[in-house]
Number of protein chains: 2
Amino acid sequence: MPSETYGKFVSLTKDYAIAGQIGGLLGWDQETCMPEKGAADRSNQLAFIAGIEHERQTSAELGNLLDKLEQEADEDVVVATNVRETRREYDRAIRVPTDLVKEIARVTSLAQDAWRKARAESNFALFVPTLERLLDLKRQVADKIGWKTEPFDALMDEYEPGTKAADVQVVFDRLKTKLVPFVAAIKDAPRRPDLSILKRPCPIEQQKAFTRRVLEAMQFDFKAGRVDTSTHPFCSGATPNDVRLTSRYFEDYFPASLFGLMHEGGHGLYEQGLDAAHVGTPMGSSVSLGIHESQSRLWENQVGRSRAFWERFYGEFQAAFASMADVPLDDFYFAINNVKPSFIRVEADEVTYGLHIMLRFAIERPMIAGTLAVRDIPEKWNALSQELLGITPSNDAEGCLQDIHWAFGMYGYFPTYQLGNLYSAQFFAAAKRAMPGLEDQIRRGELAPLREWLRENIHRHGKRYRAPELAKLVTGSTLADEPYMEYLEAKYKPLYGI
Amino acid sequence: MPSETYGKFVSLTKDYAIAGQIGGLLGWDQETCMPEKGAADRSNQLAFIAGIEHERQTSAELGNLLDKLEQEADEDVVVATNVRETRREYDRAIRVPTDLVKEIARVTSLAQDAWRKARAESNFALFVPTLERLLDLKRQVADKIGWKTEPFDALMDEYEPGTKAADVQVVFDRLKTKLVPFVAAIKDAPRRPDLSILKRPCPIEQQKAFTRRVLEAMQFDFKAGRVDTSTHPFCSGATPNDVRLTSRYFEDYFPASLFGLMHEGGHGLYEQGLDAAHVGTPMGSSVSLGIHESQSRLWENQVGRSRAFWERFYGEFQAAFASMADVPLDDFYFAINNVKPSFIRVEADEVTYGLHIMLRFAIERPMIAGTLAVRDIPEKWNALSQELLGITPSNDAEGCLQDIHWAFGMYGYFPTYQLGNLYSAQFFAAAKRAMPGLEDQIRRGELAPLREWLRENIHRHGKRYRAPELAKLVTGSTLADEPYMEYLEAKYKPLYGI
């Protein structure tokens with residue numbers, strides 16, 4: 001029986017979580033509905049609700065309740081999880097002085113302008129002073145929060161609690177020795193897909209209808225969610241009862257909406273699969289960005305780019321899009337699995353994507369530690385690009401200036417993308433072991449059992465386990481590169497005849 | 001030069017106004033976008049933001065600043081208006097004890113269920129106990145707020161500040177002696193429009209395109225607003241930069257979207273016409289519900305149901321809707337101006353509408369004063385319906401149970417609908433006097449000058465003047481029935497040949 005103190009504590013966390021839900025909805029509206037003149041007012045509204053959330057999240061009352069609950073040391077798993085994870089968030093929030101938070105908000109706002117200008121002129125030097133200032137401030141944040149091995153850990157902890165840079169490095173190093181030669185082999189393979197297939201005209205209304213059909217097959221609950229259009233696709237989940245996906249649509253490039261929505265739909269299933277009874281507490285929240293990304297990648301790639309999936313859905317796809325009528329399934333399947341090293345991360349295929357992340361990780365660690373001078377980033381970037389991808393950017397815009405993340409003040413964020421890829425392969429391999437008929441189910445379009453397995457093993461636990469622990473529990477191993485490489489090899493070796 | 005105290009005061013009012021803007025957006029989303037399972041969470045979010053708004057609106061700090069500013073007695077019109085109107089809202093908010101507010105919230109929630117059940121069974125007796133309880137609570141509210149002549153005034157003041165029941169009664173009494181025989185004459189007229197015209201099929205996509213075209217002609221700014229679909233049409237204006245209209249569409253009844261959107265568009269132009277510099281203060285807020293309704297009615301009726309307007313737009317209308325190709329303009333114009341006494345207020349035409357309101361007003365005043373027993377309402381309602389409309393409802397569902405307002409705890413709200421009709425005629429007559437070419441402009445589809453006149457004379461003033469004062473200033477008279485009757489007679493006598 002949870003104590004009265006705990007009841008009070010939960011009502012406080014649920015209270016400020018509501019502010020977060022409202023902020024999420026305002027953000028969704030800004031990207032999907034808000035008329036253009038509404039931007040300045042919206043910015044005030046977002047600042048207002050973020051202020052309320054912060055004020056309540058860092059209240060002395062909450063701190064006192066946490067102190068008391070830690071003395072009570074309740075062994076109930078829900079209580080223990082909620083106290084442990086709220087303590088973590090509380091400490092992160094109160095350790096950073098308000099003045100520092102405000103200064104970072106001010107500088108990131110300037111940094112975005114500086115980044116846009118630098119990228120437009122493809123001149124990293126224009127971004128250097130602001131980036132140096134921002135790194136200095138983020139190092140102060142890391143110091144305030146505290147770290148053992150390196151400041152990077154304190155920053156990455158915001159996105160991937162409990163995972164350390166050194167652990168990631170071990171896996172990335174192993175992966176590199178396998179992935180680089182694998183990509184090289186594909187590059188030299190004699191076979192290449194016909195990519196013109198992907199550019200055949202597909203009317204947008206039909207894209208909307210077909211992707212809805214796919215999301216329904218994935219068991220995305222449209223009574224607890226919806227799909228809208230935005231410039232940049234995202235998933236915004238206020239609560240498990242209201243999960244909103246967005247996509248963009250190009251008549252002459254259907255993969256943007258198709259795989260975009262399977263990806264966002266994977267995020268959405270995670271949000272819908274959280275335990276509604278625990279909304280507003282860590283037990284009703286997702287584990288980490290890496291685990292979240294594993295869900296989107298699993299549906300986008302392990303399912304959406306599999307031959308089994310298309311054996312069931314390709315007939316419907318051809319029926320929906322007349323221009324695809326004469327394209328054989330094998331050609332289609334090859335085209336949606338094209339692998340080719342390229343400069344821009346967001347356009348990368350599932351094989352080379354990880355190399356883009358390893359490149360960033362190799363720059364971010366010394367950059368944040370201060371052992372890599374900011375002005376030396378372009379040279380280092382280009383060298384790494386050659387080493388990992390076998391190509392060298394011809395300018396900063398297609399190199400070290402391509403991502404806005406650093407200007408947003410997001411450091412230690414990039415690795416989570418590749419953690420998502422690695423975890424997705426671990427989870428999918430575990431699902432196949434647990435359900436020997438899984439691939440046949442997918443081949444029949446029966447996606448409910450997979451969704452149930454993910455919900456049962458991952459979603460419903462909320463933050464009960466941190467990422468490495470969850471992976472160990474569900475797959476038998478913490479972060480690992482083997483299932484990922486096995487997945488890639490099993491799929492791409494036959495495709496490319498290597 | 002406004003004082004430092006005033007600066008602090010304005011920042012406080014703008015702060016809690018943001019909570020109101022957010023609440024408005026959450027409400028809009030609930031009606032237009034929210035997936036159905038999101039309802040319970042949304043209710044928590046709305047309660048949360050309403051709590052924040054109330055807490056800040058009634059803060060001791062704001063009260064102290066008001067005291068100081070009243071001593072300073074700044075004569076600047078902006079300062080004086082903002083202090084005066086914020087004081088009014090502050091006093092209304094703090095005078096009602098929190099326990100009473102909560103009890104009313106609890107009982108209105110029950111009352112809505114009771115009303116739904118009573119209406120479904122067409123049995124007013126089922127609603128009597130809850131309505132009695134609610135009236136008792138609202139009388140307590142009126143007493144706390146304070147009143148001179150009757151408690152009704154304290155309640156109506158929430159919607160129509162500065163207007164008293166006795167003043168409304170004088171105008172309604174005069175109007176009754178003219179309107180009742182006028183409606184009777186129309187009823188007996190030999191001519192009747194062909195209403196089947198209104199049911200000709202008009203594809204919904206074309207309705208959307210045509211109404212957008214009309215809203216653009218009205219100068220509704222789509223960069224600061226949008227139109228969506230909802231079950232019940234409304235206008236939700238967070239700020240002048242973000243004004244959202246909704247409509248419903250029926251393929252076989254185009255007037256719902258056409259006049260519905262001209263109506264909501266009129267509200268929307270008012271919201272967009274408020275002074276953006278004063279957002280979050282009374283100087284940037286609308287005067288009253290009656291004045292707001294005058295703007296919607298003016299565009300819906302004085303413009304939208306005028307022959308001049310359709311001389312310009314009927315060609316486009318016929319081009320958009322093939323089924324209307326053989327309908328002469330005169331037949332169309334007659335059909336959209338059909339007048340016939342009926343039971344349901346929301347379906348009433350612009351002539352008989354006022355009689356529905358006068359009926360409710362005649363019941364609400366003694367009901368709130370306690371001189372009309374709740375159980376006697378059906379009998380009184382039916383007698384008034386016969387007296388005013390010449391028809392008697394056959395049951396409570398089409399009589400005294402048709403509106404949800406009382407179950408929502410809204411008393412003294414109904415009159416504002418008819419104030420809107422009366423003020424719309426006053427304002428339109430004043431506009432015609434000020435702009436002798438107005439009707440010709442409308443005939444050419446030039447609606448910008450009218451919009452500018454309304455903005456200049458009404459919208460931009462915010463709450464600088466209360467409704468009677470504003471009407472006097474702009475039209476030369478406080479609330480009056482003459483311009484309304486003149487408008488009706490000039491339009492309907494030739495139409496019906498009476």
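In this convention, every chain numbers its residues from 1, walking through the sequence in written order. Whichever chain is written first is A, and whichever ligand is written first is 1; the rest continue in order. With the structure being a predicted model, the display of local features is reserved for residues of pLDDT at least 70 and the display and counting of side-chain atom pairs for 80 or more, all residues being used for whole-chain, interface and lining totals. Computation of side-chain values covers all heavy atoms of the structure but excludes hydrogens and water.

This part is about the overall build of chain A. A count of helices and strands for chain A gives 20 helices and three strands. Just to be clear, the radius of gyration here is over C-alpha atoms, and the globule rule we use is 2.2 Å times residues to the power 0.38. A compact globule built from 498 residues would reach a C-alpha radius of gyration of about 23 Å, and chain A, at 23 Å, matches this within 12%. Its C-alpha atoms put chain A at 65 × 55 × 50 Å along the principal axes. A simple rule labels every residue: compare its accessible area, found with a 1.4 Å probe on the protein chains alone, to the largest value its type can have, and call it buried under 20%, exposed over 50%, or partly exposed in between. Taken across its 498 residues, chain A has 57% of its residues classed as buried. Partitioning the contacts of chain A with sequence separation of at least 6, the portion at a separation of at least 24 is 74%. Only the protein chains shown count as cover for residues, with accessible areas throughout obtained via the Shrake-Rupley method and a probe of 1.4 Å. Total accessible area computed for chain A in this model is approximately 19,700 Å², and 51% of it derives from carbon and sulfur atoms. Mean positive and mean negative side-chain charge positions of chain A (60 and 71 charges, respectively) differ by 1 Å. Here a helix means four or more residues in a row that DSSP labels H or I, a strand means two or more in a row labelled E, and each is numbered from the N terminus. In what follows, residue pairs with any heavy atoms lying within 4.5 Å of each other are defined as contacts. Here the positive residues are Lys and Arg and the negative ones are Asp and Glu; neither His nor the chain ends is included. In plain terms, the charge of a residue is placed at NZ if it is Lys, CZ if Arg, CG if Asp and CD if Glu.

What follows covers the sheet that holds strand β2 (residues 235-239) of chain A. Residue and element names in this part refer to chain A. For two strands to pair, DSSP has to find at least two bridges joining them. Strand order in the open sheet made by the three strands is β1-β3-β2, with mixed pairing throughout. Of all strands in the sheet, those with a lone pairing partner are β1 (225-229) and β2, marking the two edges. Strand-to-strand twist in this sheet, taken as the mean axis angle between neighbours without regard to direction, amounts to 20°. Summarising the sheet, β2 and strand β3 (residues 242-247) pair through four bridges and their orientation is antiparallel. Directly across from G237, in β3, lies its bridge partner V243. Only the stretch in contact is used when a helix axis is fitted, and all axes are lines through C-alpha atoms; the angle between N-to-C directions ranges over 0 to 180 degrees. Lying over the sheet, helix α1 (residues 4-32) contacts β1, β2 and β3, oriented at roughly 35° with respect to β1. Each of β1, β2 and β3 touches helix α10 (residues 255-273); the most contacted strand, β3, lies at about 165° to it.

To superpose the copies, least squares is applied to the C-alpha atoms of every residue with a pLDDT of at least 70 in both. Note on the copies: chain B fits chain A at an RMSD of 0.0 Å, the axial shift is 0.0 Å, and the rotation between them is 179°. On this basis, the relationship between the two copies can be described by a two-fold rotation axis. A shared interface surface links the copies, since 100% of the contact residues of chain B are contact residues in chain A too.

Turning our eyes to something else, we now look at the pattern of salt bridges. For this document, the term salt bridge refers to a Lys or Arg side-chain nitrogen within 4 Å of an Asp or Glu carboxyl oxygen. For the structure on display, the rule yields 88 salt bridges over all chains. Here R297 of chain B ties to E293 of chain B by a salt bridge, and the two come within 3.4 Å at their closest N and O atoms. On the criterion of helical spacing, the pair formed by R297 of chain B and E293 of chain B is a turn pair, its members being four residues apart in helix α11 (residues 289-303). A single salt-bridge network, built from bridges that share partners, covers R307, E311, D330, E439, D440 and R443 of chain A.

Here we take up the confidence of the model for chain A. Do not read the predicted coordinates in detail wherever pLDDT is low. The predicted model of chain A averages 96 in pLDDT, with 100% of residues at 70 or higher. Reported confidences for the modelled complex are a pTM of 0.94 and an ipTM of 0.93. Scored from 0 to 100, pLDDT records how confident the predictor is in each individual residue.

For the rest of this paragraph, the subject is the pairing of β3 of chain A. Residues and elements named next belong to chain A. Of all six residues making up β3, six are buried, and the element is well covered by its neighbours. The alternating pattern of β3 places D242, R244 and T246 on one face and V243, L245 and S247 on the opposite face, and all of these are buried. Inspection of the sheet shows β1 paired to β3 by five bridges, in the parallel sense. Of the residues in β3, the one forming a bridge with T229 is S247. Here β2 folds back onto β3, and the loop between the two strands holds two residues.

All names here are of chain A. Domains are outlined according to an automatic or database domain assignment. Here the domain parsing of chain A yields domain 1 (1-95) and domain 2 (109-498). The interface is formed by 21 residues belonging to domain 1 together with 27 residues belonging to domain 2. When two parts are brought into contact, each loses some accessible area as probed by a 1.4 Å sphere; the total of that loss over both is the buried area. Around 2,200 Å² of area is buried between domain 1 and domain 2 when both sides are counted, 55% of it from carbon and sulfur atoms. Seen at the junction of domain 1 and domain 2, the total is four salt bridges.

Here we take up the interface of chain B and chain A. Reports of interface size often rely on the accessible area that becomes lost once the parts have come together. Taken together, the contacts link 36 residues of chain B with 36 residues of chain A. Summed over both partners, the interface of chain B with chain A comes to about 2,900 Å²; 60% of that surface belongs to carbon and sulfur atoms. Taken together, chain B and chain A are joined by eight salt bridges. D221 of chain B serves as the salt-bridge partner of K37 of chain A, at 2.4 Å between the closest nitrogen and oxygen. Any N or O atom pair separated by 3.5 Å or less is treated as a polar contact, with the protein-specific requirement of one donor-capable and one acceptor-capable atom, and with residues adjacent in sequence counted only for side-chain atom pairs. There are 17 residue pairs in polar contact (both at pLDDT 80 or more) connecting chain B and chain A. Sorting the residues of the side of chain B that touches chain A by element identifies α1 (4-32), α2 (39-57), β1 (225-229), β2 (235-239) and β3 (242-247) of chain B as the ones contributing at least two each. Looking at which element gives the most residues to the side of chain B that touches chain A, the answer is α1 of chain B, with 10 residues. Amino acids are sorted into nonpolar (Ala, Val, Leu, Ile, Met, Phe, Trp, Tyr, Cys and Pro), charged (Asp, Glu, Lys and Arg) and polar (every other residue, Gly among them). When grouped by side-chain class, the residues that make up the side of chain B that touches chain A number 15 nonpolar, eight polar and 13 charged.

A separate point is the packing of helix α9 (residues 204-217) of chain B against helix α12 (residues 307-320) of chain B. All names here are of chain B. Running from amino to carboxyl end, α9 crosses α12 at an angle of 155°, the nearest separation of the two axes being 10 Å. Put simply, α9 runs roughly antiparallel to α12. Judged by the twist between their axes, the crossing of α9 over α12 is right-handed. Contacts between α9 and α12 involve Q206, F210, R213, V214 and A217 on the former and, on the latter, F309, W310, R312, F313, E316, F317 and A320. Partitioning the contact of α9 with α12 into residue classes produces eight nonpolar, one polar and three charged. Roughly parallel covers angles under 35 degrees, roughly antiparallel covers those over 145, roughly perpendicular covers 65 to 115, and oblique covers all other angles. In a left-handed crossing the near helix is turned counterclockwise from the far helix by less than a right angle, and in a right-handed crossing that turn is clockwise.

Here E293 of chain A falls in the buried class, since its relative accessible area comes to 8%. The contact partners of E293 of chain A, leaving out residues within four places of it in the chain, are H263, H267, T416, Y417 and G420 of chain A.

Bringing the sheet that holds β3 of chain B into the picture now. Residue and element names in this part refer to chain B. Within the open sheet, the three strands sit side by side as β1-β3-β2. Their pairing is mixed. Sheet topology places β1 and β2 at the edges, where each strand pairs with a single neighbour. The sheet shows a mean angle of 20° between the axes of neighbouring strands, taken without regard to direction. Sitting on the sheet, α1 touches β1, β2 and β3, and the angle it makes with β1 is about 35°. Sheet strands in contact with helix α10 (residues 255-273) are β1, β2 and β3, and its direction is about 165° off that of β3.

Let's shift gears to the packing of aromatic side chains. Note on aromatic pairs: each is described by the distance of the centres and the angle between the planes. Stacked, tilted and edge-to-face are the three classes applied to pairs of Phe, Tyr and Trp rings, where Trp contributes its six-membered ring and a pair requires centres within 6.5 Å; stacked means planes under 30 degrees apart, edge-to-face means over 60, and tilted covers the rest. A full pass over the atoms with the stated rule returns 54 aromatic pairs over all chains. The interplanar angle of 80° and the centroid separation of 6.2 Å between the aromatic rings of Y353 of chain A and Y417 of chain A together place this pair among those described as edge-to-face. Taken as a pair, Y353 of chain A in helix α14 (residues 353-369) and Y417 of chain A in helix α16 (residues 415-434) lie far apart in primary sequence, 64 residues in all. The pair formed by Y353 of chain A and Y417 of chain A is uniform in burial state, with each residue classed as buried. Counting every residue linked through ring pairs, the aromatic cluster contains F210, F254, F309, W310, F313, Y314, F317, F321 and F332 of chain A. Here, a charge over a ring means that NZ of Lys or CZ of Arg falls within 6 Å of the ring centre while also lying within 35 degrees of the ring normal. The ring of F222 of chain A is capped by R212 of chain A, whose NZ or CZ atom sits 3.8 Å from the centre of that ring. Here the basic side chain of R244 of chain B rests over the ring of W28 of chain B, its NZ or CZ set 4.4 Å away from the ring centre.

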